[in-house]
Amino acid sequence: MPDITWEAPFCAEGNNCFRIGTDLQGNAYIAVAGQEDHYLTDTREALQTLIRDIKSGKADHLL
């Protein structure tokens, strides 16, 4: 497992908590809080694009 530095959990209602992390090689990680050993990973740039797209409403159809 890579050496990941996890941020504090981002939580919505109830147990809907996610964590975002990074490593020294420039990779970004997303995991459900408490299940950090099962993560999704990509580049930091890909994570930045995902966050920007979500904030701009491109994922609103999922709500």
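Keep in mind that this is a model prediction, so the values were computed, not measured. (Residues numbered from 1 in each chain as written. Predicted model: local features only at pLDDT ≥ 70, side-chain atom pairs only at ≥ 80, totals over all residues. Heavy atoms only, no water.)

Enquirer: Lay out the state of the cysteines with the relevant residues and their values.
Expert: Under the definition given, this model contains 1 disulfide. Disulfide pairing places C11 opposite C17 at an S-S distance of 2.1 Å. Disulfide C11-C17: the torsion about the S-S bond is 115 degrees, which places it as right-handed. A residue is classified by how much of its surface remains accessible, and C11, at 48% relative accessible area, is partly exposed. (Disulfide = S-S within 2.5 Å. Buried < 20%, exposed > 50% of the residue type's maximum accessible area, 1.4 Å probe, protein only.)

Enquirer: Pulling in residues and values, what's your account of the pattern of salt bridges?
Expert: Across all of its chains, the model carries 2 salt bridges by this definition. E36 serves as the salt-bridge partner of R19, at 3.1 Å between the closest nitrogen and oxygen. One end of the pair, R19, is in strand β3 (residues 17-22); the other, E36, is in the loop between β4 (27-32) and β5 (40-43), and 17 residues separate them in sequence. Judged by relative accessible area, which is 19%, R19 ranks as buried. With relative accessibility at 16%, the residue E36 sits in the buried group. (Salt bridge = Lys/Arg side-chain N within 4 Å of Asp/Glu carboxyl O. Helix = DSSP H or I, 4+ residues; strand = E, 2+ residues; numbered from the N terminus.)

Enquirer: I'd like to hear about the packing of aromatic side chains, residue by residue, with values.
Expert: Evaluation of the coordinates by the stated rule reveals 2 aromatic pairs. Pairing W6 with Y29 gives two aromatic rings, centres 6.4 Å apart and planes at 65 degrees, and the pair type is edge-to-face. Of this pair, W6 sits in strand β1 (residues 5-6) while Y29 sits in strand β4; the two residues are 23 residues apart in sequence, bridging distant segments of the chain. Here the aromatic rings of Y29 and Y39 are separated by 4.9 Å at their centres, their planes lie at 85 degrees, and the arrangement is edge-to-face. With Y29 in strand β4 and Y39 in the loop between β4 and β5, this residue pair connects regions lying 10 residues apart in the sequence. Using a relative accessible area of 3% as the deciding quantity, one classes Y29 as buried. Three or more aromatic residues joined by ring pairs form one cluster here, namely W6, Y29 and Y39. (Phe/Tyr/Trp six-rings, centres within 6.5 Å; stacked < 30°, edge-to-face > 60°.)

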